[in-house]
Amino acid sequence: MADPVGISLENVSKRFGKVEAVRTLSIDIREGEFFSLLGPSGCGKTTTLRMIAGFEVPDEGGILLRGTDVTDTPPNRRNVNMVFQHYALFPHMSIFDNVAFALRLKRVPKGEQKQRVEEMLRVVRLEGLEKRKPGQLSGGQQQRVALARALVNRPAALLLDEPLGALDLKLRKQMQLELKRIQSELGTTFVYVTHDQEEALAMSDRIAVMNEGIAEQVDGPREIYERPTTAFVADFIGSLNALDLRVDEVTDGQAVAHVSPKERLIVPTAGRSQGETLKVAVRPERVRIDAAERPAPEGGTRLEGVLADVVYLGSLTQFHVDTKLGRVVSFRMNDEGGAPLEAGRNVVLTWPAEYGSVLAESYKEPEPVLT
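All of the points below concern the structure found in this document. Here the structure is a predicted model, which means the values were calculated and not measured.

### Let's talk about the overall build of the protein chain
And step 1. Helix and strand content of the protein chain: eight helices and 21 strands.
And step 2. For the protein chain, the C-alpha atoms occupy an extent of roughly 80 × 45 × 40 Å along the three principal directions.
And step 3. Evaluated residue by residue, the protein chain yields a buried proportion of 51% over its 371 residues.
And step 4. In the protein chain, once contacts between residues fewer than 6 apart in sequence are set aside, the share between residues at least 24 apart is 68%.
And step 5. Total accessible area computed for the protein chain in this model is approximately 18,000 Å², and 49% of it derives from carbon and sulfur atoms.
And step 6. In the protein chain, 47 side chains carry a positive charge and 52 a negative one; their mean positions are 7 Å apart.

### Digging into the environment of Gly 6
And step 1. Along the chain, Gly 6 turns up in strand E1 (residues 5-16).
And step 2. Between the alpha carbons of Gly 6 and Arg 66 there is a distance of 4.7 Å; along the sequence they are 60 residues apart.
And step 3. Setting aside its immediate chain neighbours within four residues, Gly 6 contacts Ile 29, Arg 30, Glu 31, Leu 64, Leu 65 and Arg 66.

### Things to note about the packing of helix H4 (residues 139-151) against helix H5 (residues 169-186)
And step 1. Where H4 contacts H5, the two axes come as close as 11 Å, and the packing angle between them is 20°. By the criterion of interaxial angle, the relationship of H4 to H5 is roughly parallel. Of the two possible hands of crossing, H4 and H5 adopt the one that is right-handed. Here Gly 139, Gly 140, Gln 143, Arg 144, Leu 147 and Leu 151 of H4 come into contact with H5, specifically with Leu 171, Met 175, Glu 178, Leu 179, Ile 182 and Leu 186.
And step 2. Here the contact of H4 with H5 is built from residues that sort into seven nonpolar, three polar and two charged.

### Quick word on the environment of Arg 222
And step 1. Position of Arg 222 relative to the elements: it lies in helix H7 (residues 221-226).
And step 2. Sequence spacing of Arg 222 and Arg 206 is 16 residues, and the spatial spacing of their C-alpha atoms is 9.3 Å.
And step 3. Setting aside its immediate chain neighbours within four residues, Arg 222 contacts Arg 227 and Arg 286.

### Describing the nonpolar core
And step 1. If you look at the biggest cluster of nonpolar residues, it comprises 36 residues, and the most contacted ones within it are Val 99, Val 117, Leu 147, Leu 158, Leu 160, Leu 179 and Phe 190.
And step 2. Looking at this core, the elements that each hand over two or more residues are helix H2 (95-105), helix H3 (110-123), H4, strand E7 (157-161), H5 and strand E8 (189-194).
And step 3. Here this core gets six residues from one element, more than from any other, and that element is H4.
And step 4. Residue contacts for Leu 160: discarding those within four places in its chain leaves Leu 49, Val 83, Leu 147, Leu 179, Phe 190, Val 191, Tyr 192 and Val 193.
And step 5. Core analysis: the next-biggest nonpolar cluster, separate from the first, contains 27 residues, Val 12, Leu 37, Val 70 and Ala 156 among them.

### Quick notes on the sheet that holds strand E2 (residues 19-30)
And step 1. Read across the open sheet, the four strands follow the order E2-E1-E4-E5; overall the sheet is antiparallel. Edge strands, defined here as strands with exactly one partner in the open sheet, are E2 and strand E5 (68-69).
And step 2. The pairing of E1 with E2 spans eight bridges and is antiparallel. Its bridge partner lying in E2, Ser 8 is registered against Asp 28.
And step 3. On the sheet, helix H1 (residues 45-53) packs against E1, E2 and strand E4 (60-65) and is oriented at approximately 120° with respect to E1.

### Focus: the pairing of strand E6 (residues 80-83)
And step 1. Here E6 shows no split at all, with Val 80 and Met 82 on one side and Asn 81 and Val 83 on the other all buried.
And step 2. Direction of pairing for E6 relative to E7: parallel, over a ladder of four bridges. By the bridge assignment, Val 80 is partnered in E7 with Ala 157.

### Describing the pattern of salt bridges
And step 1. On inspection of all chains with the given rule, the structure shows 26 salt bridges.
And step 2. A salt bridge links Glu 31 to Arg 66; the nearest nitrogen and oxygen atoms lie 2.8 Å apart. Highlighted residues: Glu 31 in the loop between E2 and strand E3 (34-38) and Arg 66 in the loop between E4 and E5, separated in sequence by 35 residues.
And step 3. You can call Glu 31 partly exposed: its relative accessible area is 23%.
And step 4. Taking the relative accessible area as the measure of exposure, Arg 66 reaches 47% and is therefore partly exposed.
And step 5. Glu 119 serves as the salt-bridge partner of Arg 154, at 3.9 Å between the closest nitrogen and oxygen.

### Some words on the side chain of Glu 226
And step 1. Positionally, Glu 226 belongs in helix H7.
And step 2. Every residue in contact with Glu 226, bar those within four places of it in the chain, is listed here: Arg 286, Tyr 355 and Ser 357.

### Brief notes about H3
And step 1. Its 14 residues place the ends of H3 20 Å apart at the C-alpha level, agreeing with the 20 Å of an ideal helix rising 1.5 Å per residue.
And step 2. Within the span of H3, buried status applies to Gln 113, Arg 116, Val 117, Met 120, Leu 121 and Val 123. Along the long axis of H3, the arc covered by the buried residues comes to 150°, so they all point the same way. With respect to the buried face of H3, the exposed residues turned more than 90 degrees away are Gly 111 and Gln 115.

### Side note on the packing of H2 against H4
And step 1. One way to put it is that H2 packs onto H4 with a least axis distance of 7 Å and a crossing angle of 30°. Put simply, H2 runs roughly parallel to H4. As H2 packs across H4, the resulting crossing turns out to be right-handed. Listed contacts from H4 to Ile 95, Asn 98 and Val 99 of H2 are Val 145, Ala 148 and Arg 149.
And step 2. For the contact of H2 with H4, the per-class residue count stands at four nonpolar, one polar and one charged.

About the criteria used
Residues numbered from 1 in each chain as written. Predicted model: local features only at pLDDT ≥ 70, side-chain atom pairs only at ≥ 80, totals over all residues. Heavy atoms only, no water. Helix = DSSP H or I, 4+ residues; strand = E, 2+ residues; numbered from the N terminus. Buried < 20%, exposed > 50% of the residue type's maximum accessible area, 1.4 Å probe, protein only. Contact = heavy atoms within 4.5 Å. Areas by Shrake-Rupley, 256 points an atom, 1.4 Å probe, with all protein chains shown as cover. Lys, Arg positive; Asp, Glu negative; His and termini not counted. Charge placed at Lys NZ, Arg CZ, Asp CG, Glu CD. Axes fitted to C-alpha atoms, helices over the stretch in contact; angles between N-to-C directions. Parallel < 35°, antiparallel > 145°, perpendicular 65-115°, else oblique. Left-handed = near helix turned anticlockwise from the far one by under 90°. Nonpolar A, V, L, I, M, F, W, Y, C, P; charged D, E, K, R; others polar. Core = buried A, V, L, I, M, F, W, Y, C linked by side-chain atoms within 4.5 Å. Pairing = 2+ DSSP bridges. Salt bridge = Lys/Arg side-chain N within 4 Å of Asp/Glu carboxyl O. Expected span 1.5 Å × (residues − 1). Arc of directions from axis to C-beta.

Next comes the structure, spelled out in structure tokens:
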């Protein structure tokens, strides 16, 4: 049985003057899901979050919270809480009082206040720090106080607008794990806004990749990475190779291009026909590289080329290979072993057909892989 829907966006649009920030957006966010809105600056992700929170009202469409239409409901009457990048803790109050603040406004009995605050401080692992002031805590601890303050109200959903942006890289990594742990323990619906692809992939149950106010793909992290459906998603998420394929034959649900008597490019596809030109993406880590004289695996794609550049990056090595279809990059983890390869050597590249994806629109060439 599918999980019930916690938040529904139904053909939601929002304009600011002549700028259409969000365009006919329809997304169902499941109850208890960690859902991320991912995309570059100006793509509409924060505007979408603010509409869920009630800080912005859609120009068209509707927003449902657990099946109830809240499109015109003011923020203070929606059962959602929001955590911002700047935590806005009360510096003169203790940690306990910061977390209990909203409960006091709601006139929750003191005994219940104490019980709920202590329970939430245990969840965020701040037991024993109740009497400290925010200025006596680290950035990561202050972030957890902000989370506890938002979650102590037991909202239907917690909305997080790039909450880790002010933290250094190491602390961000730690807090990613903490956020996912807290969400899993409480089972609260989290809607998370970020421009950081790795962050979204690490924490999310599903991701909406947004571009110019549109959700180009809504899927699980593995599907987003391994099976991008549009050129923008393929380019935005990680590194990739993009190759043109002219379909010579379609067989067993696969499109095949015969590059030479020994070379072929194969991609799984449906509804394609002979003579059609496709743009195919494959991740560099899926591309196996071998010396040309070594036997290559049977089946799948096989391309020959000349190794133009070898770049050592500590945990992995990048191999840049010139082929008949253009430059192809292969990643090899340095603990995998394998014969050493030098620039100028003839090599063969192979990957199983299922690791290729057909992109749905004209492709914008990505920036060169960082070296």
